[in-house]
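Chain by chain, the residues:
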Amino acid sequence: MIYPIVKFGDPVLDKPSAPVTAFDDDLRKLVDDMFESMYAAHGVGLAAPQIGIAKRLAVIDTTLGEQEAEKLVLINPEIILSEGRQYEEEGCLSFPEIREKIVRAAKVRIRAQDANGKWFEMDGEELLARAFQHEIDHLDGVVFLFRMSALKRSLNLRKIRKMQNEGTW
Ligand SMILES: [Zn+2]
């Protein structure tokens, strides 16, 4: 099932999500639906609040579905190490048409559970490190607009308000 993507302005994006506690068939179905929804929207990452579900769950695939082995499921993820700095352009499925350069750690190590509840650790660099940080931010109720400089944030907010008023957001 393909879920519609929630856009900025919906309160579900602004609050921390609740930990996942049940690793059951419903969760595995939700994971499958999240991948389907992410690929349909041409994204490399999707957090559950972006489909209106306030749970600590995100999916990532930096190959856009090209390689099955690159599909990552992060449940209750946390960043346990971060180092360096990168400043690259990011987008977000909840902010159509908006891309900005964002400061992120260059490398991060995360700890998360898989769809069966098993804990694992994983390192990411470059795009994958950005995806980890971007998606975990979503689970904490932080959208990338608030990682931008004050100037870019206000310019983008103005652009969003205009689209909201025109009914195109
Ligand atoms: Zn996002």
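Residues numbered from 1 in each chain as written. Predicted model: local features only at pLDDT ≥ 70, side-chain atom pairs only at ≥ 80, totals over all residues. Heavy atoms only, no water.

The next subject is the environment of His138. In this structure, His138 sits in helix H2 (residues 126–139). Residue His138 is classed as buried on the basis of its relative accessible area of 1%. Counting along the chain gives 89 residues from His138 to Pro49, while the straight-line C-alpha distance between them is 7.1 Å. Each residue touching His138, except ones within four places of it in the same chain, is listed here: Leu13, Ala47, Pro49, Gln50, Cys92 and Val143. (Helix = DSSP H or I, 4+ residues; strand = E, 2+ residues; numbered from the N terminus. Buried < 20%, exposed > 50% of the residue type's maximum accessible area, 1.4 Å probe, protein only. Contact = heavy atoms within 4.5 Å.)

Turning to the side chain of Arg104, a few remarks are in order. Mapping Arg104 onto the fold places it in strand E5 (residues 99–104). Since its relative accessible area comes to 5%, Arg104 is described here as buried. Of the polar contacts made by the side chain of Arg104, one reaches the side chain of Glu90; its length is 2.8 Å. Arg104 has contacts with Gly84, Arg85, Gln86, Glu90, Arg130, Gln133, His134, Asp137, Phe144 and Arg147, leaving out every residue within four places of it along the chain. (Polar contact = N/O pair within 3.5 Å; in protein donor to acceptor, adjacent residues only side chain to side chain.)

In an ideal tetrahedron of four donors about a metal, each angle is 109.5 degrees. In an ideal octahedron of six donors, the angles are 90 or 180 degrees. For the zinc ion, the full set of protein donor atoms is Cys92 (SG), His134 (NE2) and His138 (NE2), and the range of their distances to it is 2.0 to 2.2 Å. Donor residues binding the zinc ion come from one chain and are separated in sequence as C-x41-H-x3-H. Separated by 46 residues along the polypeptide, Cys92 in the loop between strand E4 (86–91) and E5 and His138 in helix H2 bring together distant segments of the chain. Each member of the pair, Cys92 as well as His138, is classed as buried. (Donors = N, O, S within 2.8 Å, 3.2 Å for Na, K, Ca; no water.)

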